[in-house]
Structure formats: C-alpha cells, structure tokens
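Now for the letters of each chain:
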Protein chains: 4
Amino acid sequence: MVTSTIGRRIRLGLIGGGPGSIIGETHRIAARLDGQYDIVAAALSSNPERARQAALDLGIGAERAYASWQQMLEAEAARPDRIDAVAVMTPNDSHHPICMLALDRGFHVICDKPLANDLAQAREIAARAKTTNAEFCVTYCYTGFPMVRQARDMIRAGELGEIRQVHLQYVQSYLAGHDLPAGWRTEGRAGSSLVLMDIGTHAFHLGAFVTGLDVTRLCADVGSAIPGRPIDDYVSALLRYENGARGSLWVTNAAAGSEHGLSFRIHGDKGGLEWHQEEPNRLIHRRQDAFEEIITRRLGPATSEGAQRSTRIAIGHPEGYLEAFANLYTEFAQRVATRIAGTPGDDQPTRFPSVSDGVKGLAFVAASVKSMATGGWQDVERM
Amino acid sequence: MVTSTIGRRIRLGLIGGGPGSIIGETHRIAARLDGQYDIVAAALSSNPERARQAALDLGIGAERAYASWQQMLEAEAARPDRIDAVAVMTPNDSHHPICMLALDRGFHVICDKPLANDLAQAREIAARAKTTNAEFCVTYCYTGFPMVRQARDMIRAGELGEIRQVHLQYVQSYLAGHDLPAGWRTEGRAGSSLVLMDIGTHAFHLGAFVTGLDVTRLCADVGSAIPGRPIDDYVSALLRYENGARGSLWVTNAAAGSEHGLSFRIHGDKGGLEWHQEEPNRLIHRRQDAFEEIITRRLGPATSEGAQRSTRIAIGHPEGYLEAFANLYTEFAQRVATRIAGTPGDDQPTRFPSVSDGVKGLAFVAASVKSMATGGWQDVERM
Amino acid sequence: MVTSTIGRRIRLGLIGGGPGSIIGETHRIAARLDGQYDIVAAALSSNPERARQAALDLGIGAERAYASWQQMLEAEAARPDRIDAVAVMTPNDSHHPICMLALDRGFHVICDKPLANDLAQAREIAARAKTTNAEFCVTYCYTGFPMVRQARDMIRAGELGEIRQVHLQYVQSYLAGHDLPAGWRTEGRAGSSLVLMDIGTHAFHLGAFVTGLDVTRLCADVGSAIPGRPIDDYVSALLRYENGARGSLWVTNAAAGSEHGLSFRIHGDKGGLEWHQEEPNRLIHRRQDAFEEIITRRLGPATSEGAQRSTRIAIGHPEGYLEAFANLYTEFAQRVATRIAGTPGDDQPTRFPSVSDGVKGLAFVAASVKSMATGGWQDVERM
Amino acid sequence: MVTSTIGRRIRLGLIGGGPGSIIGETHRIAARLDGQYDIVAAALSSNPERARQAALDLGIGAERAYASWQQMLEAEAARPDRIDAVAVMTPNDSHHPICMLALDRGFHVICDKPLANDLAQAREIAARAKTTNAEFCVTYCYTGFPMVRQARDMIRAGELGEIRQVHLQYVQSYLAGHDLPAGWRTEGRAGSSLVLMDIGTHAFHLGAFVTGLDVTRLCADVGSAIPGRPIDDYVSALLRYENGARGSLWVTNAAAGSEHGLSFRIHGDKGGLEWHQEEPNRLIHRRQDAFEEIITRRLGPATSEGAQRSTRIAIGHPEGYLEAFANLYTEFAQRVATRIAGTPGDDQPTRFPSVSDGVKGLAFVAASVKSMATGGWQDVERM
C-alpha cells in the first residue's frame, strides 16, 4: 500500500500549469491525492496578472501568489517557512533556466518531461543537481503504475530470463488532423523533434525502466506521417540494448483514430510481458512452458514489492493515470521528508525517475535525429 | 471536466474509517482529490483512545480529534466554525443512530451503503433528512464512473429505444475460501443477508441508476454457495422492472478466483450497452443495425454531458475507482456550497445517489429475503 | 489431433438441409472436413422436385437422389450398398417420424437438436434407439470445441474442486427486430417455446456437458422480451444441480445488437472457468490462489486429452464452429466404423452428445414452461 | 457466401505433405472443405515407398499413388483423365524444379510460400507461368480471412483516406527454446534467412495485400535474438511504401511464450484498422471522428463484397484458419473451372495470391538481407 504518513507535509511551489492546463491539474491532483503536500506558493503563468489571479483561485495566500517564477524562487528562498520543493510544468524551452535557478536557490525539483530542450541543457541541469545535492524527479509518469513496477520487478528477479526482444509503442491521434492545433508544442518550442520530445521520450524511458537496460545504438526513421507539415509526428526505430537485446519502437501522434496507445512488449528466454496504458491494471505474462497468465493486483501479496508499494485499493478496483502520477509525487515527498528529518536515507530504491533518466531521454532524441540525417545506425551518447 | 472551483471549501467531519480501514482511506482520498473539502474533525474509531490518536495522525487539530461520534456531533454543533457535513463509514448497524443524530444537529450527510440495517431504519433516516432539509449522499460509488453516466444519459436520450432486458452481475471471491475472514461483516452486524447488503445493493442500484427504472417484482435464490456456512454468499434473482422489462442478477462474493466482477448488460429495442468495472473506461455499445462500438472518453465532446462532467483527464488516460468515488464527493460539495451561499439551487440534476436510493436498496434486500422464504415472486415495496 | 483414418468411409444419407439452408451446408461441411464420409444419398426437401434437383446439384447419383425421406429410407434399406447412417436436419416437428423410421430400418442416426418437439416424442426415440442398438448423435455442436472439452476434462479431474456456481448465457439478436422473420421457427413448428427449443437447449446442455451434472430443479421466467409477439424470445432461470450447486441462465434471441452470445462461467471451490463461443480458442481459468490463466491449444501436450483429440491445427491457428461441428461427425464415424468392423468398442468415452442428452433437453423445456405457468420452482423430470 | 457449385470438380494431384505433415493435412482439408476437388493423384514423400503407401492410406487408387513427383507429373501428363492442377507443399528448396516441370507439363499450380528459395528462381517460375498461361496460387493463406478482405476492401474504397502508417507483426515462439527442433527448416534448406522466408514473407504480403501498396525501400535488422545459433530468428524493419507511407515490421519465431502473433495495424487520414489472426473474426476500426467500431461478420450485408464472398456461416459463428486456407483453394478451383469450361474469365478480381506476389516476397527477403549487410536503407527490387 502507498504510505500516507511521512514526517511532515512538504511545502510545494508550483511553476506553470495555470488555468486550462491539463498537465497543471494533473500535477495538482497528484500532489493532493495522498495528503503529503501543502501547495503554498505558485507562479502559474508567464503573464503576471494571470499568474497571480490563478494562484488566488487555487486558494494560495496573496503573499505567495507570485507574478513570475523568478520572483517566486527569490522570495521563497528568503522566507523562514520557505518551500521545500518546486514543481515545474512549463513549456519545454523554459525548463533549463527554471531548474537551474531553483537548484541554485536550494530547492528540490519535480520537473515534467522532457528534462530540457536539448542534451547539453539536460546535462547542465544534472550536473547542477549533483552539486546542490538536490532530490530531482522527472515525471515520466507511466513508471508509476503498479503493473509497470510489477514488470520491472519480475525482470529484475529473472522471471523472464535474459531479455532478448523489446517492442515499444506510443500511438496517438493528437496530431492526426491536417490542421495543427495551436500551442507551444506546435510553435517551435518543443525542441528538435516534437514527436520525440513529447511522447518518444516517454516510450523510450518506459523500456529502460522496465528492462533495467540502456539502449546503446539505434537506427531511426523520423518525420511527418502527414505530408507537408513542419513538425515531426512519426518515429520508428530499431534499437540495440546494452546486453545485445534487439528492440524496436513505433511512436506517433498522427495515427488517426488512436486513443492513448502507450504499450510495451518484452520477451526474455523464458517468457514475455505486455502492458497497455489503456488497460493499466492488467499485465499479460506469456510463459514458454505454461499458459498465459494475467497479472493483476487481486492477489496483493503475490505481486511484487514494487507493485504493492504503489497500490492504494484492492479487490479489483481499477486505478488509473492520476494514481500513477501521484505515486511519483508521494515517493518524492518521502525522500524529501527524509532529507528534512536529517535521517539517513532509507535503503529503499528510489522509484521515481531521476535527473539522469531525464538526460538519457535527450540523448535518445539526439541520436534519433542524427540517425535520420545520416540514414544509418548511431550510438546513443552516455551520461 | 470536473469542476474544481466552488464557493468555499466544505468543512468535513469523518465518522469511522480509522487506521487499517480501506473504506476510510477511500473516503479520504475522495475528499482530497479535487480540493473541495477541509477535513477538520474526526471520530475515527469506537475505541476512544484509538479514535483520538488516528485523528491526530491525520493532521487534525487536537481540539477536534474526538473520542466518539456522539461527542463530535454535539461539540461541532456548538462551534461557530462548525463542520458543514459528516461522512459516515462505520459498520452498517451504526448508520441509523449516527445519521439520525447528525441530521438532528443540522449537518449534511454522506453515508456509505447500505443506508441502514433494515428497511424501517432506512425509511426513518429518509424522513428525517426531509424534515431537516439536509443534503444526503449514499455512496453507491460505481455511479460515479464517466462511462456509467454515459450509459445513463444514452438511455435517457432514447438511444437504446425502450429498455427490454437487464442483466446485472457482481461476482467476487472475497468469501470463496472456506474459512470466513474475521470482521463485522461476518459477525452478524451486516443485516439480514450479508451478500445482499454488502454488494447486492450496489448491483441493484447500478441497474436502477443506468436504466432510470425501478424493479417492481422479483424472485430470488439466496443462500450459501459454499455449504454449511452461517452467512449468505450468493443471490441470483429474476427481476421485473416498472416498464415491463425483464431482468436478472447474479451476485456472489464466493466465486473462487474472481476479481471485482461488477457489470451490467442492458438491451433496448435498438441496441445494448455493457460495462465492467474492471475496465471502466470502455462502454460497449451493441447496435442492431450497425457494428459494435466502443465508447470511451477519447472524443470528449462526443460523450454525454454526464460523462463529460465526471471526467478529469483526457486522451485515453485511464481513470479509476478513486476518481469515481471522488465524483460523488465533489458533486456533494457543490450542492452544499450552493446551500451555504444561499443561492438558488442550480438546475443541474443531482447526480450523486440520494437517501431515497438508499431506501430502495433496503427494499430490494427485504423483497429478496421474503422471496427466498416463500419460493416465489414478491413485490418490491415502494418508498 | 483429430484422427483422419478409420476402417472404411461411412456411407451417409442426408434428410433436409436443401438449397439455401445454413444448417444443411454446415452438416455437409462437417461430413466432408475429415474425409470420413461419402455422401451417397439424399432427400433434401419436402418438395419432391426440389429434393431431387438439389441432390443432383450436390453430385449425388440420380438413383439415390430421392424425392422424400420415406422413399430414401425404404429404398436404401433394400440396397446391398445401403447407407450406414442418416443425418436429419429438418424442422423440429418432423424429427420424431423420421428418426423412428430410420431406426426401424436399421440405420444409425445423426439428428439436429432439439431431438423432438416434446418430451414424450423424445423418450420414444430414445427407447427405439436402444431397442435397435443404433448409434445416435444429437448435434449439440458447441460441445465439439476443444476448449469446451478442456473445461469438461478439467472439472472431471477436480481442478476446480466441487462445483458451486454455474452461469449460462446465450444472448442473440436474431429476433430483436419487431417484425418476425418468416420460416418454420416462427410459424409454430418449433415446439412449446421457440427460445427454449431453439437455443435454450444448447445452453442447458452445454452446462451439463461441461460440469457433468444434471439440473434437478429450476424456476424460470419465460416470455417475450418484445411485447405483443406470439412467440417466446426470452428465458431467465434459476437452477439447482444434482450436487446442490446453484446456477442461472439467460437465454434470448431478442437482445438487439448481440452477436452469437453463447457462454458459460462456472465456479468450484478452487477456481472458475469461462468460455465464449465468439472467441472459442481461449478458456479463461480463474484461480483462487494464483493469477488468471488463459488456456489455449498452444501448449498441445499440456491441454487435456479431450482437447487434444478435438484439435486439427496448432501454434495458435484459430479453429471455429465448422471444426467443432465436424468433431461430432468424425467421432460418430469412428463409432460406426467400429460397429461395422465388428470389433469391440474402444474404451474411449463417447464424446458426441447422445440420444439421452436429447431427451434431457426436452425435459428442461417442459420444466421451464411449467415453472412459468405456476410461478415457482419445478422438478426437472429424469429419463 | 462461399460458392460451392462450379462446373465440374477439379482433379488435383498432391506433391509433398505426407504422414505427420501439418501443412499436408491443412492443404487436404482446404481442398475437401467446399467439395470442389477430387484428390486423385499424389507423390507424398521423397521416399518412394513412403510416398506410395501414404497415397494409398489417403484412399488414392494404386495406379496414381506415385513414387516421386517427377513420375507423377510425367504419368499424369499422358493420361486422358489427367489432373488439372498440382498442389506443392514440399520443402522450399524443391519448389523451383517442381513448379517448372509442372508448368511445362501444362498443369495449373498451387504452391506453398515462399515461392522459391531465392529471387532468381522465383522470377523464373513467374516467367514460365506466364508463357504456359497457367493459373498459379501461392498460399499466403492469411489473405483468405473474411476480415482481412474486409480491411482490403475498406481501404480500396477510401474509408481510411490515404494510407500513412503500417505496422506488421508476426511474433511466434516456435524457435524460442535454445535447442533447435530438427527438420528442413533448421537444416539449411529454407533459403537465405529462415525467419524471413518462413514467416517474414507472410507478414510482408499481408501488408501489401491489405493496403494495395508495395514497399519500395526498407532498412532491416535481421539476426538471432537468441545468441549463438546458426539461423536467423528475428527481423525488425523500417519500411517505405510506394505512396510515401511509412511502416515497420517485427517478425520473430523466438519470442518465448508467444502464440501465433500475426497482426497488422494500418492508419490512414481518417482512421485505422487492426487485425490479429488469433481473433480473426474481429476487425478493429478506429475512427478519427467517431468511436472505435468492431467489425464482424454479424451484419452480413454491411460487410464488404470480399468479406461476404469468403464467409460460410453467420450469426457470430467463428471461422478459422482452415476456412481461410480453403478460400484460396475454392477460388483457385473456380478459376480453373472457368478455364476448363472455356468460358471467358469472370470479371471478378482474382483474390488468391498470385505468382507475382510470390516473387515480391523473395524480393523483400533479398532487400532485407542486403540491408542487414550494409547497415542502411535498400531499394526493394520490382518484378
């Protein structure tokens, strides 16, 4: 079960995610769900007026309803009851300056993915987080699902044998219409390749998280499935993992009629696992010498430690995306609370994706873009 | 989208649901999710020491961490910043005295199902709620799912034509082991028939909610699927609805290997709808003159008003049981806020199940038990 | 694997199932599939001209293209190369006279379900089959599916423990339109209750076949889901099996938008099995102490003897309804070939449904109709 | 409905597929199912004794139970009642000599896939078939499924708009064990790449058949998922279609625990289609502006002409692999019968895969092997 008691509640400041923002509401619900945070400060918009009003609407005191993120970080740094952490959910191109200042002012950071707009920025953030000794979570939120953690734990425990094949998909229809929706994603603020930055990094990280393996080489076909548009909406790639396993990946936001479409299918010597975010409470376990098995949270104690720790309710009640997102928030809160209490860190593996996972996402983007330009295989740069 | 702004946050007092209680944690998450409540008072256990300590652990101030529900209701009634509402999640046999006093002291009430331990008690509560003019929600939580509301709205709009056949299932394995688990449910505090009270009322209400029709007659087979045990764990019933539609119901908590198992399948002149709580984000729409259709929240504006109003996130992200539960809490908060503001009630239909739905649940239990005793069809008493 | 070698090919005569008859084409494909029959004689229609022409069109020699079933049975009885068996696929009300004469003339019989138009007729046929020592198959064709036999074998082997709960469904849309289609089924030639005779007997037998248990008592709600029509299109029933297990059944051909809809779900002490004819190659195995398992034919040797003997192809290639139907034909051919060869019968259990299974189907119909008339529980008559 | 009447039954000679051969039994059932063939000659094994005995066991007359395929082709060519066609189901490396002689002797040919062992051989066969004016079917059997044809017809009719993305999978576990099974497939007689020849060509052709588009370029990762084995068991490829559509393909017979695993998912401007051979009677239709639809054969007249013509039974009865295979045989019989009758060919598009489809399969294999060797994109050679 998800723990709902920690030392004291974490004081959180929000940056971005103002009115009408889906990701903003998602972060806020994730922070509220387990009662581990007090949202006490916010800079919710790049427009000063809107930023302050939105914070007031959320019930934040007038004094801490800030007009800009710079103002918030500086003012909070000076308060005796200063926030412990900031959560960043602004457009990609502002992640770097925000994270750098937040780290410099001594805050722990939750940052939405992708970590930054390019690999160099991402590496700078990671280096700064190391020097400031900050806790840092990149919200690759799909790693929060109990069945994703079940998969990871089973693979770690050798239940599939050596991993041999990985197939990742993220097939959406968000950009399948011929007219692009307005917004920063399609206005050039999303980095070198929209589809890679926006959803490709999610699929890529999911594969790494579940297998515990890094991709070392890849060959990618990146471009526009829908001709004539100025953004990438399609990538398919051949992957080679560090242990020699082969993989492939199909990611697009232009597959008309699709819904969410994130999934993995992984095979090792002894069997395979398949998971779809659209039915997140089921994990298909194919076994070479036994019938297929459907793993769910029903048999609580029979699930892995990671699955148990990420579950709130039982007996078949479905959990969803918000609970998965909240798992990252709650685990982050527990780490920060440990730091505040000054106690030695627990021996529990950090489950939430780290800043180095964020860097790897950008390395994947860089290698894919380079592969497309050269028409062949490319190495993926390491940290 | 679920509205997350109301006049002011509702002050809530909790009764029951202390440490280790799954339903307690569920109610608390539901209250937290949309940020519409402040949980400011609690009487969390029948043991005074445990009650107070649990409240403190939840972060409730010492003054309002009560030793008993009686103490809480009397003390809160006298405070200027008194709670607006209480949420009752105690064993069934205490619902009646708690609800009666809470209503007498002027509080609005959220009460877990079944409303009371028998039909007479339920009617008394309903009558009292009427005289005190209270808002009253019975947490038949499965009505909070967007796709359940989609089904209700489609049927109301005549998309299935006249309703002809209803089939309800709630097939669990909770009591499939030969040894009964300990707890009030199996210790005689759950009313005349455990299976009917505990989960039968959920299935029964779900059918009524979705079709908008009441059952007028039934013929039930109630008993123990597992021989020799002192409690009921099985009911199957033939149903007749007020419009002449035929129905049937299979409810058990003793079907070994089952998971949650709540579902409905309903057919009208033009087609049918099927929903399973285990995959709550899909609604199967069978059409007589067209191919089967899978309704999801993907095409937001194409879903019904009720589905849209109960949805938090989009593009295929799954929502689950906690969000459904929270929908009842949030709608209740909105009603109470309207009352507090003294503004005329909105014209929006109350979605959350009412006290009269609670009474009907007990009428179903009474008719089923009587049918089993007589071996034939019985009328279901009206309010 | 299905055996495709027997002593000699069986000489078969067809009665009914002429041009345009779906069931006729089904029987013929079933006879052809494994190459165990020569179709050498036929009386394909009640119209003498059409009967002869249809037989010629099928490639049957002019001499044995008969104008009527009476003519065929008498003429064949007199031939030295006479047919071994007849296959009867005429409207229900002619089964009795045809089967009686066929048995009297010494033929083995394959007869479509239901065996006869009422229980008395069915008992007469069964008695005659006994006195003439004939092989007799009633084509409850759904028992031919490998996964249905897998279920039967697992239950026999005790893998579910004692059977406690049975739920059967057969939910079609064939008569969901307000205007009844023309044909003998809706013109009063289908016995006392169309829905019970036409598809109810299939569901009922499926439950008995898989569990190995007979129903001893039932309480049924039989009638028209669509008001005002002169035929039954709906039955829901509460069942009690000989071992005390409880069951229920929902059978209708008037559920708008449904497809085939035959399924069973059965629970014993240790787990449950669920099967749907629409996805016949999967058997869902719910286990009380392990995760759900999907049984398929993939692991050939791990499936039951009955499943293996009914399988033609492997490695996931789907088999369907025609193969299931052919399994009954081929097993019947093997029995007849054994009889012709004069060798002692093999010790292999007869898999194909027998004449006594046919009688039980009519007993179920009779008890259901009586229960509806009296409004209460009725005993099901034994053979 | 599948037509079961033609001019006269086709006289067929079998080459290969003797005792114990799964593919042999499959071809024979396919030939028997619709009653359009008489199997009158056979050369069933490369061992003369076994060849003759196996033919006798199948009921073929002693005179036409041949010791070798050479003997059969020469002897049959000289008979007045000579066979019309031969069906070839021998190991890949014998397809070329057999087909060449069969064509030279004036027979029509059904040949299992792949057409030959390399592209040059395949082109020779195609050229010879043209000069001898023979009917030629390559049994890419999965194109025989009604829902596959439904997909093809829908795409032809523009229901998906312009095709933009194609994803093909064929993920089996046949070679997932570390020890290779014995047999010609793993003994070097399967051509340049086992996985490409054995199942890759199936997936590749399926994509071309359904979309009506050829692949013009590809970049492939071909090799052994299981290290150290001497055969290929894995291919993943990036595809470019003639209209600019992008595609990808994942084909392996070494994914432990998998079942059959053939599927396609195709997206155009307006929506997408997805089909899995393991559930062949359902076609998932995702629509950009409407809810997902599940296309089945239930609404017969609402399905496409190609689906209707390949369907034998209705109302939800599942059809399977053998029926799909039989569809190719029956359509081939109809073409041959037309040729025998000397009537002008019907205007009906030939549905069964042709010799040029066989050539394209080998071109795909050649391009994939070359791409792997060079590490980049390669053109796929045209006919």
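Cut-offs applied
Residues numbered from 1 in each chain as written. Chains lettered and ligands numbered in written order. Predicted model: local features only at pLDDT ≥ 70, side-chain atom pairs only at ≥ 80, totals over all residues. Heavy atoms only, no water. Salt bridge = Lys/Arg side-chain N within 4 Å of Asp/Glu carboxyl O. Helix = DSSP H or I, 4+ residues; strand = E, 2+ residues; numbered from the N terminus. Buried < 20%, exposed > 50% of the residue type's maximum accessible area, 1.4 Å probe, protein only. Contact = heavy atoms within 4.5 Å. Least-squares fit on C-alpha atoms with pLDDT ≥ 70 in both. Core = buried A, V, L, I, M, F, W, Y, C linked by side-chain atoms within 4.5 Å. Pairing = 2+ DSSP bridges. Axes fitted to C-alpha atoms, helices over the stretch in contact; angles between N-to-C directions. Domains from an automatic or database assignment. Buried area = accessible area lost by both parts, 1.4 Å probe. Polar contact = N/O pair within 3.5 Å; in protein donor to acceptor, adjacent residues only side chain to side chain.

Trainee: I tried to follow the pattern of salt bridges on my own but got confused; where do I start?
Mentor: Once the charged atoms of two side chains with opposite charge are near each other, the side chains can pair. Counted according to the given criterion, the structure contains 128 salt bridges over all chains. Aspartate 81 of chain A is paired through a salt bridge with arginine 79 of chain A; the nearest N and O atoms lie 2.8 Å apart. Note that glutamate 135 of chain B is salt-bridged to arginine 339 of chain B, the shortest N-O span being 2.9 Å. Here glutamate 135 of chain B, found in the loop between helix H5 (119-131) and strand E5 (136-138), pairs with arginine 339 of chain B, found in helix H9 (residues 321-341); they are 204 residues apart in sequence, far enough to count as distant.

Trainee: Help me understand helix H4 (residues 95-104) of chain B in this model?
Mentor: Working note: α-helix, 3.6 residues per turn, so residues spaced by three or four point in the same direction. All names here are of chain B. Most of H4 sits out of view: eight of its 10 residues are buried. Among the residues of H4, His95, His96, Ile98, Cys99, Met100, Leu101, Ala102 and Leu103 are the ones counted as buried. Buried residues along H4 sit in contact with strand E1 (10-15), helix H3 (69-78), strand E3 (85-88), strand E4 (108-111), H5 and E5.

Trainee: Where do I start with the relation of the copies chain A and chain D in this structure?
Mentor: The two chain copies are related to each other by a rotation about an axis together with a translation along it. Rotating chain A by 180 degrees and translating it 0.0 Å along the rotation axis places it on chain D, where the RMSD comes to 0.0 Å. What the superposition gives is, in effect, a two-fold axis relating one chain to the other. No C-alpha of chain A lies nearer the rotation axis than that of glycine 376 of chain A, which sits 2.5 Å from it. Most of the interface of chain A is mirrored in chain D, where 100% of its interface residues are also at the interface.

Trainee: Honestly, the nonpolar core in this entry has me stumped. Any pointers?
Mentor: The tendency in soluble globular proteins is for nonpolar side chains to be buried side by side. Ranked by internal contacts, the top residues of the largest apolar core, which has 230 residues, are Phe136 and Phe264 of chain C together with Phe136 and Phe264 of chain D. Here phenylalanine 136 of chain C is in contact with Cys99, Leu103, Val109, Cys111, Leu115, Ile125, Ala129, Phe332, Phe352, Pro353, Ser354 and Val355 of chain C, once residues within four sequence places are set aside. One finds Ala42, Ala43, Ala65 and Val365 of chain B within the second-largest nonpolar core, a separate group that totals 228 residues.

Trainee: How should I be thinking about the sheet that holds strand E4 (residues 108-111) of chain C in this particular structure?
Mentor: Hydrogen bonds along the backbone pair up the strands of a sheet, which may run parallel or antiparallel. All names here are of chain C. Spatially, the five strands line up as an open sheet ordered E2-E1-E3-E4-E5, and their pairing is parallel. Edge strands, defined here as strands with exactly one partner in the open sheet, are strand E2 (37-43) and strand E5 (136-138). If you compare each strand with its neighbour and ignore which way they point, the axes differ by 20 degrees on average. The strands touched by helix H9 (residues 321-341) are strand E1 (10-15), E2, strand E3 (85-88), E4 and E5; relative to E4, the strand with the most contacts, the crossing angle is about 170 degrees.

Trainee: Can you help me understand the relation of the copies chain D and chain B in this one?
Mentor: Relative to chain B, chain D is turned by 180 degrees and slid 0.0 Å along the rotation axis, the superposed coordinates differing by an RMSD of 0.0 Å. Of the interface residues in chain D, 100% have counterparts in chain B that sit at the interface too, so the contact is made through matching surfaces.

Trainee: Help me understand the domain arrangement of chain A in this model?
Mentor: For interface size, the figure often reported is the accessible area lost on association. Residues and elements named next belong to chain A. The domain boundaries assigned to chain A delineate domain 1 (10-141 + 328-353) and domain 2 (146-310 + 359-379). Summarising the inter-unit geometry, the C-alpha centres of domain 1 and domain 2 are found 26 Å apart. Contacts between the two partners involve 22 residues from domain 1 and, on the opposite side, 21 residues from domain 2. Between domain 1 and domain 2, the buried area comes to about 1,900 Å², and carbon and sulfur atoms account for 54% of it. One can count four salt bridges joining domain 1 with domain 2. At the boundary of domain 1 and domain 2, one finds four residue pairs in polar contact (both at pLDDT 80 or more). For the side of domain 1 that touches domain 2, the secondary structure elements donating two or more residues are helix H5 (119-131) and helix H9 (321-341).

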